[in-house]
Amino acid sequence: MTTYATSERPALYEMFDERFRTGRCMNGDADLEVLHTGCRWAEGPLYLPAWRQLVWSDIPNDRMLRWDEETGTVSTFRRAAGHTNGNTLDRQGRLITCEQGNRRVTRTEHDGTITVLADRWQGKRLNSPNDATVRSDGSIWFSDPDFGITSDYEGHRAQSEIGANNVYRIDPGTGEVRLAADGFGAPNGLVFSPDERQLFVSDTRAGRIRVFDVREDGTLSDGAVFAEAGARGGARFDNLRFDDGGRLWVAAMDDGVHCYDPDGTLIGRLRVPEAVSNIAWGGAKRNQLFITAETSLYSVVMAVTGTHPTGPGRRPWLDAGSR
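Residues numbered from 1 in each chain as written. Predicted model: local features only at pLDDT ≥ 70, side-chain atom pairs only at ≥ 80, totals over all residues. Heavy atoms only, no water.

1. Remarks on empty space enclosed by the protein
Using a probe with the size of a water molecule, rolled over the atoms, empty space left in the structure can be pinpointed. Applying the stated criterion across every chain, the model contains 1 cavity of 30 Å³ or more. The space that makes up the largest cavity amounts to roughly 30 Å³. Lining the largest cavity are Gly 44, Pro 45, Gly 86, Asn 87, Asp 131, Asn 239, Arg 241, Asn 278 and Ile 279. Among the secondary structure elements, those contributing two or more residues to the lining of the largest cavity are β4 (42-48), β8 (84-89) and β26 (276-282). (1 Å grid on protein atoms, 1.4 Å probe; cavity = no way out; pocket = protein on both sides within 12 Å on 5 of 7 lines; lining within 4 Å. Points joined across faces, edges and corners; volume = space filled by probe spheres on them. Helix = DSSP H or I, 4+ residues; strand = E, 2+ residues; numbered from the N terminus.)

So, in C-alpha coordinates, the structure goes:
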(Lines give C-alpha, C1' and ligand atoms only; values in the text may rest on other atoms or scores of the structure.)
Protein backbone atom coordinates (compact mmCIF):
# COMPACT_ATOMS: atom_id res chain seq x y z
CA MET A 1 0.00 0.00 0.00
CA THR A 2 1.04 3.58 -0.63
CA THR A 3 0.44 6.83 1.19
CA TYR A 4 0.68 10.37 -0.10
CA ALA A 5 2.75 12.35 2.38
CA THR A 6 1.65 15.90 3.18
CA SER A 7 5.17 17.08 2.32
CA GLU A 8 4.61 15.98 -1.29
CA ARG A 9 1.25 17.64 -1.84
CA PRO A 10 -1.17 20.10 -0.17
CA ALA A 11 -2.81 19.08 3.09
CA LEU A 12 -5.59 16.52 2.78
CA TYR A 13 -8.15 18.70 4.57
CA GLU A 14 -9.24 22.16 3.44
CA MET A 15 -11.52 24.16 5.74
CA PHE A 16 -13.99 26.75 4.41
CA ASP A 17 -16.01 27.13 7.61
CA GLU A 18 -15.07 26.70 11.28
CA ARG A 19 -17.70 23.97 11.59
CA PHE A 20 -15.43 21.67 9.58
CA ARG A 21 -12.92 21.83 12.44
CA THR A 22 -15.29 21.88 15.41
CA GLY A 23 -17.20 18.93 13.96
CA ARG A 24 -13.98 16.84 14.05
CA CYS A 25 -14.07 16.52 10.25
CA MET A 26 -10.34 17.33 10.07
CA ASN A 27 -9.32 14.72 12.63
CA GLY A 28 -8.05 11.28 11.68
CA ASP A 29 -5.48 10.23 9.11
CA ALA A 30 -3.33 13.02 7.71
CA ASP A 31 -2.86 11.27 4.37
CA LEU A 32 -4.74 9.17 1.89
CA GLU A 33 -3.87 5.50 1.57
CA VAL A 34 -3.90 3.90 -1.88
CA LEU A 35 -5.48 0.46 -1.60
CA HIS A 36 -5.40 -0.32 -5.33
CA THR A 37 -4.66 1.31 -8.65
CA GLY A 38 -4.88 0.19 -12.27
CA CYS A 39 -8.57 0.67 -13.04
CA ARG A 40 -9.83 2.49 -16.12
CA TRP A 41 -12.65 4.25 -14.25
CA ALA A 42 -13.50 3.14 -10.71
CA GLU A 43 -16.95 3.65 -9.16
CA GLY A 44 -19.52 2.09 -6.85
CA PRO A 45 -17.56 1.24 -3.66
CA LEU A 46 -19.54 -0.78 -1.10
CA TYR A 47 -18.25 -2.14 2.20
CA LEU A 48 -19.51 -5.62 3.14
CA PRO A 49 -19.15 -5.86 6.94
CA ALA A 50 -19.93 -9.57 7.22
CA TRP A 51 -16.89 -10.38 5.05
CA ARG A 52 -14.69 -7.39 5.98
CA GLN A 53 -14.38 -6.66 2.27
CA LEU A 54 -15.11 -3.85 -0.14
CA VAL A 55 -16.39 -4.34 -3.68
CA TRP A 56 -16.34 -1.73 -6.42
CA SER A 57 -16.83 -1.36 -10.16
CA ASP A 58 -14.24 -0.81 -12.89
CA ILE A 59 -16.78 0.18 -15.53
CA PRO A 60 -14.84 0.32 -18.85
CA ASN A 61 -13.07 -2.97 -17.98
CA ASP A 62 -16.50 -4.54 -17.32
CA ARG A 63 -15.51 -6.03 -13.99
CA MET A 64 -16.09 -5.75 -10.27
CA LEU A 65 -13.14 -5.89 -7.89
CA ARG A 66 -12.87 -6.93 -4.25
CA TRP A 67 -10.48 -5.64 -1.58
CA ASP A 68 -9.98 -7.81 1.52
CA GLU A 69 -9.53 -5.85 4.74
CA GLU A 70 -7.71 -8.64 6.57
CA THR A 71 -5.06 -9.34 3.90
CA GLY A 72 -5.05 -6.16 1.83
CA THR A 73 -5.31 -8.24 -1.34
CA VAL A 74 -7.41 -7.31 -4.37
CA SER A 75 -9.09 -9.88 -6.61
CA THR A 76 -11.78 -10.02 -9.27
CA PHE A 77 -15.26 -10.31 -7.79
CA ARG A 78 -17.16 -10.52 -11.09
CA ARG A 79 -16.08 -10.26 -14.72
CA ALA A 80 -18.39 -9.58 -17.67
CA ALA A 81 -20.41 -7.77 -15.04
CA GLY A 82 -22.70 -5.72 -17.28
CA HIS A 83 -20.60 -2.55 -16.91
CA THR A 84 -21.77 -2.20 -13.32
CA ASN A 85 -21.78 1.17 -11.62
CA GLY A 86 -23.37 1.76 -8.20
CA ASN A 87 -23.76 -0.92 -5.52
CA THR A 88 -25.67 -1.07 -2.24
CA LEU A 89 -27.20 -3.58 0.17
CA ASP A 90 -30.85 -4.35 0.82
CA ARG A 91 -32.36 -5.00 4.25
CA GLN A 92 -31.44 -8.69 4.02
CA GLY A 93 -27.80 -8.01 3.19
CA ARG A 94 -28.12 -8.87 -0.50
CA LEU A 95 -26.11 -6.99 -3.11
CA ILE A 96 -28.08 -4.50 -5.22
CA THR A 97 -26.24 -3.48 -8.39
CA CYS A 98 -26.86 -0.97 -11.17
CA GLU A 99 -25.74 -2.52 -14.46
CA GLN A 100 -25.18 0.24 -17.00
CA GLY A 101 -24.37 -2.08 -19.87
CA ASN A 102 -27.31 -4.41 -19.29
CA ARG A 103 -29.58 -1.43 -18.53
CA ARG A 104 -31.02 -2.98 -15.41
CA VAL A 105 -30.97 -3.15 -11.60
CA THR A 106 -30.20 -6.58 -10.14
CA ARG A 107 -30.01 -8.36 -6.81
CA THR A 108 -27.41 -11.01 -6.03
CA GLU A 109 -29.09 -13.64 -3.87
CA HIS A 110 -27.35 -15.35 -0.94
CA ASP A 111 -26.77 -18.41 -3.15
CA GLY A 112 -25.06 -16.29 -5.83
CA THR A 113 -27.88 -16.28 -8.37
CA ILE A 114 -28.88 -12.95 -9.90
CA THR A 115 -32.44 -11.62 -9.91
CA VAL A 116 -33.47 -8.79 -12.25
CA LEU A 117 -35.40 -6.18 -10.25
CA ALA A 118 -35.92 -3.55 -12.95
CA ASP A 119 -35.09 -3.24 -16.63
CA ARG A 120 -38.10 -1.34 -18.00
CA TRP A 121 -40.49 1.46 -17.13
CA GLN A 122 -43.87 1.53 -18.83
CA GLY A 123 -42.61 -1.10 -21.26
CA LYS A 124 -39.56 0.94 -22.33
CA ARG A 125 -35.98 -0.11 -21.61
CA LEU A 126 -34.19 1.86 -18.93
CA ASN A 127 -31.29 4.08 -20.03
CA SER A 128 -28.40 2.92 -17.82
CA PRO A 129 -29.09 2.67 -14.07
CA ASN A 130 -26.33 4.43 -12.17
CA ASP A 131 -26.83 4.43 -8.39
CA ALA A 132 -29.31 2.93 -5.93
CA THR A 133 -30.37 3.32 -2.32
CA VAL A 134 -32.70 1.25 -0.14
CA ARG A 135 -35.29 2.66 2.27
CA SER A 136 -36.21 0.91 5.51
CA ASP A 137 -39.57 -0.13 4.04
CA GLY A 138 -37.66 -2.25 1.51
CA SER A 139 -38.26 0.03 -1.47
CA ILE A 140 -35.30 0.47 -3.84
CA TRP A 141 -34.70 3.85 -5.45
CA PHE A 142 -32.34 4.32 -8.39
CA SER A 143 -31.13 6.96 -10.82
CA ASP A 144 -31.23 6.35 -14.57
CA PRO A 145 -29.10 8.79 -16.58
CA ASP A 146 -27.88 8.06 -20.11
CA PHE A 147 -24.15 7.72 -19.37
CA GLY A 148 -24.06 4.04 -20.38
CA ILE A 149 -25.74 4.54 -23.75
CA THR A 150 -23.96 7.66 -25.01
CA SER A 151 -20.91 5.60 -26.08
CA ASP A 152 -19.42 2.12 -25.92
CA TYR A 153 -16.88 3.12 -23.25
CA GLU A 154 -19.06 2.47 -20.18
CA GLY A 155 -21.82 0.42 -21.78
CA HIS A 156 -23.34 0.07 -25.23
CA ARG A 157 -24.25 2.97 -27.48
CA ALA A 158 -28.00 3.19 -28.04
CA GLN A 159 -30.92 5.58 -28.25
CA SER A 160 -32.94 6.25 -25.13
CA GLU A 161 -36.36 4.64 -25.33
CA ILE A 162 -37.68 6.80 -22.49
CA GLY A 163 -36.29 10.10 -23.77
CA ALA A 164 -35.55 11.45 -20.27
CA ASN A 165 -33.25 10.85 -17.31
CA ASN A 166 -35.27 10.09 -14.18
CA VAL A 167 -35.25 8.63 -10.68
CA TYR A 168 -37.40 5.55 -10.04
CA ARG A 169 -38.76 3.57 -7.10
CA ILE A 170 -39.17 -0.21 -7.03
CA ASP A 171 -42.17 -1.13 -4.89
CA PRO A 172 -41.15 -3.67 -2.21
CA GLY A 173 -44.43 -5.55 -2.42
CA THR A 174 -45.29 -5.66 -6.10
CA GLY A 175 -41.90 -5.01 -7.73
CA GLU A 176 -43.53 -2.30 -9.85
CA VAL A 177 -41.15 0.36 -11.17
CA ARG A 178 -42.64 3.81 -10.57
CA LEU A 179 -41.42 7.25 -11.55
CA ALA A 180 -40.20 9.03 -8.41
CA ALA A 181 -38.72 12.28 -9.75
CA ASP A 182 -37.95 13.86 -13.13
CA GLY A 183 -36.63 17.10 -14.59
CA PHE A 184 -32.94 16.18 -14.32
CA GLY A 185 -30.08 16.78 -16.72
CA ALA A 186 -28.42 13.58 -15.46
CA PRO A 187 -29.46 12.20 -12.04
CA ASN A 188 -26.54 10.43 -10.44
CA GLY A 189 -25.94 9.77 -6.73
CA LEU A 190 -28.88 9.51 -4.34
CA VAL A 191 -29.20 8.98 -0.60
CA PHE A 192 -31.85 9.33 2.09
CA SER A 193 -31.31 11.58 5.06
CA PRO A 194 -30.66 9.60 8.26
CA ASP A 195 -34.32 9.98 9.32
CA GLU A 196 -35.50 9.10 5.77
CA ARG A 197 -37.68 12.19 5.59
CA GLN A 198 -35.72 13.57 2.64
CA LEU A 199 -34.10 12.20 -0.50
CA PHE A 200 -30.98 13.92 -1.87
CA VAL A 201 -30.13 13.48 -5.57
CA SER A 202 -27.13 14.87 -7.43
CA ASP A 203 -27.65 16.14 -10.98
CA THR A 204 -24.26 15.97 -12.65
CA ARG A 205 -25.11 17.93 -15.80
CA ALA A 206 -27.03 20.64 -13.95
CA GLY A 207 -24.25 20.97 -11.37
CA ARG A 208 -26.50 20.80 -8.34
CA ILE A 209 -27.87 18.61 -5.57
CA ARG A 210 -31.64 18.51 -5.22
CA VAL A 211 -33.49 17.58 -2.03
CA PHE A 212 -37.03 16.16 -1.92
CA ASP A 213 -39.35 15.71 1.03
CA VAL A 214 -40.65 12.13 1.29
CA ARG A 215 -44.39 11.99 1.92
CA GLU A 216 -46.05 9.30 4.05
CA ASP A 217 -47.21 7.43 0.94
CA GLY A 218 -43.63 7.30 -0.40
CA THR A 219 -44.07 9.96 -3.08
CA LEU A 220 -41.80 12.98 -3.28
CA SER A 221 -42.27 16.73 -3.15
CA ASP A 222 -41.24 18.88 -6.13
CA GLY A 223 -37.78 19.32 -4.67
CA ALA A 224 -35.44 22.21 -3.98
CA VAL A 225 -31.79 23.00 -4.59
CA PHE A 226 -29.56 21.97 -1.67
CA ALA A 227 -26.17 22.88 -3.17
CA GLU A 228 -24.69 24.05 -6.46
CA ALA A 229 -21.26 23.35 -7.92
CA GLY A 230 -20.99 26.51 -9.99
CA ALA A 231 -18.85 28.44 -7.51
CA ARG A 232 -16.06 25.85 -7.77
CA GLY A 233 -14.89 25.28 -11.33
CA GLY A 234 -13.74 21.66 -11.05
CA ALA A 235 -16.73 20.41 -9.09
CA ARG A 236 -19.23 18.01 -10.67
CA PHE A 237 -21.41 16.12 -8.25
CA ASP A 238 -21.56 12.32 -8.24
CA ASN A 239 -22.60 10.14 -5.27
CA LEU A 240 -23.52 11.23 -1.75
CA ARG A 241 -23.16 9.88 1.79
CA PHE A 242 -24.19 11.13 5.26
CA ASP A 243 -22.24 11.00 8.50
CA ASP A 244 -23.94 10.63 11.87
CA GLY A 245 -23.65 14.37 12.47
CA GLY A 246 -26.04 15.06 9.59
CA ARG A 247 -23.31 16.34 7.28
CA LEU A 248 -23.48 15.39 3.62
CA TRP A 249 -20.24 14.18 1.98
CA VAL A 250 -20.17 14.41 -1.81
CA ALA A 251 -17.91 12.99 -4.50
CA ALA A 252 -17.12 16.19 -6.42
CA MET A 253 -14.89 14.95 -9.26
CA ASP A 254 -11.89 17.29 -9.80
CA ASP A 255 -12.70 19.20 -6.61
CA GLY A 256 -12.20 16.21 -4.30
CA VAL A 257 -14.74 15.26 -1.63
CA HIS A 258 -17.05 18.04 -0.43
CA CYS A 259 -18.54 18.25 3.06
CA TYR A 260 -21.82 20.16 3.56
CA ASP A 261 -23.38 21.26 6.82
CA PRO A 262 -27.07 20.30 7.20
CA ASP A 263 -27.97 23.89 6.25
CA GLY A 264 -26.31 23.45 2.83
CA THR A 265 -23.09 25.36 3.57
CA LEU A 266 -19.91 23.91 2.04
CA ILE A 267 -17.71 23.76 5.14
CA GLY A 268 -14.70 21.84 3.84
CA ARG A 269 -13.29 19.29 1.46
CA LEU A 270 -10.77 16.50 1.09
CA ARG A 271 -8.15 16.95 -1.61
CA VAL A 272 -7.68 13.86 -3.77
CA PRO A 273 -5.03 13.52 -6.54
CA GLU A 274 -7.55 12.10 -9.05
CA ALA A 275 -11.12 12.99 -10.02
CA VAL A 276 -13.40 11.53 -7.35
CA SER A 277 -16.26 9.40 -8.65
CA ASN A 278 -17.77 7.80 -5.53
CA ILE A 279 -17.37 7.48 -1.76
CA ALA A 280 -18.53 4.95 0.84
CA TRP A 281 -18.24 4.51 4.60
CA GLY A 282 -16.93 1.25 6.00
CA GLY A 283 -14.56 -0.43 8.39
CA ALA A 284 -15.34 -1.96 11.77
CA LYS A 285 -16.49 1.40 13.16
CA ARG A 286 -17.85 2.87 9.88
CA ASN A 287 -15.35 5.72 10.20
CA GLN A 288 -13.24 4.68 7.21
CA LEU A 289 -14.05 6.63 4.06
CA PHE A 290 -13.38 4.70 0.86
CA ILE A 291 -12.90 6.81 -2.25
CA THR A 292 -12.95 5.68 -5.87
CA ALA A 293 -11.19 8.18 -8.13
CA GLU A 294 -10.38 7.54 -11.79
CA THR A 295 -7.85 4.67 -11.68
CA SER A 296 -7.62 4.07 -7.93
CA LEU A 297 -9.24 3.08 -4.65
CA TYR A 298 -8.25 5.29 -1.70
CA SER A 299 -8.99 5.19 2.01
CA VAL A 300 -8.85 7.55 4.98
CA VAL A 301 -9.79 6.74 8.59
CA MET A 302 -11.61 9.69 10.16
CA ALA A 303 -13.01 10.88 13.49
CA VAL A 304 -16.53 11.12 12.07
CA THR A 305 -18.74 8.08 11.53
CA GLY A 306 -20.83 7.31 8.47
CA THR A 307 -24.45 6.24 8.58
CA HIS A 308 -25.53 2.75 7.54
CA PRO A 309 -26.38 2.29 3.84
CA THR A 310 -29.80 0.74 4.52
CA GLY A 311 -31.28 3.36 6.78
CA PRO A 312 -32.53 3.19 10.38
CA GLY A 313 -33.84 0.11 12.13
CA ARG A 314 -32.49 -3.28 13.09
CA ARG A 315 -30.15 -5.08 10.67
CA PRO A 316 -28.66 -8.06 12.59
CA TRP A 317 -26.43 -9.08 9.68
CA LEU A 318 -25.00 -5.55 9.41
CA ASP A 319 -24.85 -4.43 13.03
CA ALA A 320 -23.10 -7.62 14.13
CA GLY A 321 -20.44 -7.20 11.47
CA SER A 322 -19.82 -3.59 12.40
CA ARG A 323 -19.00 -4.00 16.06
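2. Comments concerning the pairing of strand β17 (residues 177-181)
Where strand β16 (residues 166-170) meets β17, 4 bridges bridge the pair, whose relative direction is antiparallel. Within β17, the residue paired with Ile 170 across the bridge is Val 177. Counted between consecutive antiparallel strands, the loop separating β16 from β17 contains 6 residues, among which Gly 175 sits at a positive phi close to 80 degrees. (Pairing = 2+ DSSP bridges.)

3. Digging into the sheet that holds strand β19 (residues 198-203)
In space, the 4 strands of this open sheet follow the order β18-β19-β20-β21, with antiparallel pairing throughout. Across the chains shown, the open sheet's two edge strands, defined by having one partner strand only, are β18 (187-192) and β21 (224-228). Each strand of the sheet is rotated relative to its neighbour by a mean of 25 degrees, with strand direction disregarded. Alignment of β18 against β19, held across 4 bridges, turns out to be antiparallel. Note on β19: the bridge partner recorded for Val 191 is Phe 200. (Axes fitted to C-alpha atoms, helices over the stretch in contact; angles between N-to-C directions.)

4. Thoughts on the packing of aromatic side chains
For the structure on display, the rule yields 12 aromatic pairs. The interplanar angle of 80 degrees and the centroid separation of 6.3 Å between the aromatic rings of Phe 237 and Tyr 260 together place this pair among those described as edge-to-face. Placement of Phe 237 in the loop between β21 and β22 (240-242) and of Tyr 260 in strand β24 (residues 257-260) is noted, with a sequence separation of 23 residues between them. Of the two residues, Phe 237 and Tyr 260, neither departs from the other in class, the shared state being buried. Through a chain of ring-to-ring contacts, the aromatic side chains of Phe 200, Phe 226, Phe 237, Phe 242 and Tyr 260 assemble into a single cluster. Directly above the aromatic system of Phe 184 lies the positively charged group of Arg 210, at a separation of 4.4 Å from the ring centroid. (Phe/Tyr/Trp six-rings, centres within 6.5 Å; stacked < 30°, edge-to-face > 60°. Buried < 20%, exposed > 50% of the residue type's maximum accessible area, 1.4 Å probe, protein only. Lys NZ or Arg CZ within 6 Å of the ring centre and 35° of its normal.)

5. Brief notes about the nonpolar core
Ranked by size, the top nonpolar core spans 23 residues in total, and within it Trp 249, Val 257, Leu 270, Leu 289, Ile 291 and Met 302 carry the most contacts. Taken together, the elements giving at least two residues each to this core come down to β23 (248-251), β24, β25 (266-270), β26, β27 (288-293) and β28 (296-301). Apart from the residues within four sequence positions on either side, Met 302 is in contact with Tyr 13, Cys 25, Asn 27, Gly 28, Trp 249, Leu 270, Trp 281, Asn 287 and Leu 289. One finds Ile 209, Phe 242, Ala 252 and Leu 266 within the second-largest nonpolar core, a separate group that totals 16 residues. (Core = buried A, V, L, I, M, F, W, Y, C linked by side-chain atoms within 4.5 Å. Contact = heavy atoms within 4.5 Å.)

6. A look at unusual backbone geometry
For residues other than glycine, phi is negative in most cases, and the peptide bonds are mostly trans. The phi dihedral of Glu 196 falls on the positive side, at around 65 degrees, and the residue is not glycine. Phi at Glu 294 is positive, roughly 50 degrees, even though this residue is not glycine. Relative to the helices and strands, Glu 294 is located in the loop between β27 and β28.

Keep in mind these values describe shape, not function.
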